[in-house]
Amino acid sequence: MTDSLFLQAFKKEPLRRTPYWFMRQAGRFLPEYRDVRSKFNSFLNFCYTPQAVKTVTLQPLKRFGCDAAILFSDIMVIPDALGMRVTFEEGEGPRLDPIKSANDMINLKQERVLSYLAPVFEGVELIRKELDSDKALIGFSGAPWTLACYMIEGKTSRDFNKTREFSFAQREEFIGLIDLLTNCVSEYLKAQIAAGVNCVQLFDSWAGLVPACEFEQFVVEPTRKIVKEIKNRYPEIPVIGFAKGVGTNLISYAQKTGLSAVGIDATTPMGWAKDNAGSALLQGNLDPILLASDKQRAIKETRSILETMRGTPFIFNLGHGVIPQTPIENVEAVAKTIRSFV
Ligand code: CP3
């Protein structure tokens with residue numbers, strides 16, 4: 001595994017070119033993904049079928065030559081493993097029976113999370129066996145705040161107002177939930193590492209909705225604890241944090257958590273991130289909507305990002321996940337631009 005350009009970036013050594021992967025690189029924009037997906041009624045059953053997970057995890061590498069594969073799964077496996085009812089509605093995203101009070105939390109079965117998620121670890125083992133030694137495998141989890149958002153709201157939302165209301169009105173209970181999730185996420189990521197992933201990423205997609213007065217408690221502190229748990233056991237494994245939409249809170253997110261790298265969203269200027277992320281490696285930040293909309297402009301912006309990061313170890317990615325409408329040729333063009341950039 002020492003010959004992976006992706007892992008070299010974390011050592012802050014000079015690189016022969018910038019390593020790259022794309023969030024949601026395996027997904028509906030690929031016909032070969034849709035093929036496998038069509039064999040399953042339930043999205044979660046698909047996520048718990050190791051052979052299928054292996055197949056779709058490797059698909060984008062064949063097409064785009066990415067330096068890392070990301071385990072195919074979903075952040076909702078943790079609420080599911082905890083015993084919440086989780087389903088996926090076509091085109092609408094996840095549906096859960098929402099937590100309304102401390103009473104609903106009594107039933108969360110923390111002790112069964114790792115055994116319930118055994119198929120995920122089996123998938124990791126299969127993938128790592130088949131993946132070339134110069135490619136890294138990234139594991140992931142939702143971060144506590146973002147998981148709590150879905151568990152309380154019961155579905156996706158523009159503002160997650162119910163969750164924020166809960167966090168103020170039932171503060172102790174909410175902190176209890178964050179603590180429980182912090183433990184589950186730590187154990188889950190360590191088990192992914194034991195199964196063979198080379199790096200892990202925390203998705204805190206809704207961190208941008210946390211009020212400034214709670215950012216430390218709901219985002220920084222849980223992240224710091226998870227990083228510490230992982231680093232105690234696996235000091236060599238890089239941990240990437242992706243807290244979307246956090247603006248200037250990126251400074252404390254990058255500097256107080258011990259994260260090895262931070263993902264930068266598309267609204268944050270890379271130059272600003274470079275000046276404010278402390279010693280954390282940066283990953284980002286091409287706008288996925290631009291990628292889907294305008295190939296020539298996407299190539300231009302890719303070059304501009306690479307130019308801004310010239311001379312600094314860096315991982316190229318998007319500012320958020322690839323959207324289903326994305327033309328494959330646009331992704332190919334961006335990959336080619338990165339590979340040939342000197
Ligand atoms: O990056 C990858 O390629 C790995 C796979 C991955 C998926 N979901 C597959 C998926 C990852 C890393 C995720 C993370 C995830 N899931 C997040 C955090 C990142 C982000 O996008 O903010 C969140 C919030 C979720 C929850 C989730 N899962 C939503 C909101 C949806 C519906 C969105 C949609 O596009 O329909 C999902 C379903 C989902 N997860 C799909 C895929 C490929 C599409 C479902 C399908 O194929 O039927």
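See above for the structure.
Cut-offs used in this document
Residues numbered from 1 in each chain as written. Predicted model: local features only at pLDDT ≥ 70, side-chain atom pairs only at ≥ 80, totals over all residues. Heavy atoms only, no water. Helix = DSSP H or I, 4+ residues; strand = E, 2+ residues; numbered from the N terminus. Rg over C-alpha atoms; globule rule 2.2 N^0.38 Å. Buried < 20%, exposed > 50% of the residue type's maximum accessible area, 1.4 Å probe, protein only. Near = heavy atom within 4 Å. Polar contact = N/O pair within 3.5 Å; in protein donor to acceptor, adjacent residues only side chain to side chain. 1 Å grid on protein atoms, 1.4 Å probe; cavity = no way out; pocket = protein on both sides within 12 Å on 5 of 7 lines; lining within 4 Å. Sits in = over half its atoms within 2 Å of the grid points. Pairing = 2+ DSSP bridges. Axes fitted to C-alpha atoms, helices over the stretch in contact; angles between N-to-C directions. Points joined across faces, edges and corners; volume = space filled by probe spheres on them. Nonpolar A, V, L, I, M, F, W, Y, C, P; charged D, E, K, R; others polar.

Engineer: Account for the overall build of the protein chain, naming residues and giving values.
Structural biologist: Along the protein chain, the regular secondary structure elements total 17 helices and nine strands. Taken over C-alpha atoms, the radius of gyration comes to 19 Å for the protein chain, in line with the 20 Å a tight globule of 342 residues would show. In terms of principal-axis extent, the alpha carbons of the protein chain reach across some 60 × 45 × 40 Å. Counting only residues that meet the buried cut, the protein chain has 58% of its 342 residues in that class.

Engineer: Pulling in residues and values, what's your account of the site of the ligand?
Structural biologist: Taken together, 23 residues are adjacent to the ligand, and R24, R28, Y33, D74 and S205 come closest. Q25 is positioned with one of its backbone polar atoms (N or O) 3.2 Å from an oxygen atom of the ligand. Contact distances for the ligand include 2.7 Å between a nitrogen atom and a side-chain N or O atom of D74. Placement of the ligand is best described as lying within the largest pocket.

Engineer: How would you summarise the sheet that holds strand β8 (residues 281–286) if you had to cite specific residues and measurements?
Structural biologist: The seven strands are arranged β1-β4-β5-β6-β7-β8-β9 in an open sheet whose pairing can be described as parallel. For this open sheet the edge positions go to β1 (68–70) and β9 (314–318), each flanked by a neighbour on one side alone. Taken pair by pair, the neighbouring strands of this sheet meet at an average axis angle of 25°, ignoring direction. By the bridge criterion, five bridges tie strand β4 (residues 136–142) to strand β5 (residues 199–204) in an arrangement that is parallel. Each residue of the ladder has a partner; that of G142, found in β5, is F203.

Engineer: Before we move on, could you go through empty space enclosed by the protein and cite the residues and values that matter?
Structural biologist: Across all of its chains, the model carries two cavities of 30 Å³ or more by this definition. Surrounding the largest cavity, A243, V246, G247, L250, G263, I264, D265 and T268 form its lining. Broken down by class, the residue content of the lining of the largest cavity amounts to four nonpolar, three polar and one charged. If you add up the space inside the second largest cavity, you get close to 30 Å³. L71, S73, D74, I75, V77, F140, S141, G142, Y188 and Q192 are the residues that line the second largest cavity. For the lining of the second largest cavity, the secondary structure elements donating two or more residues are β4 and α11 (171–195). Take the lining of the second largest cavity: its biggest share by element is three residues, from β4. Here the lining of the second largest cavity is built from residues that sort into five nonpolar, four polar and one charged.

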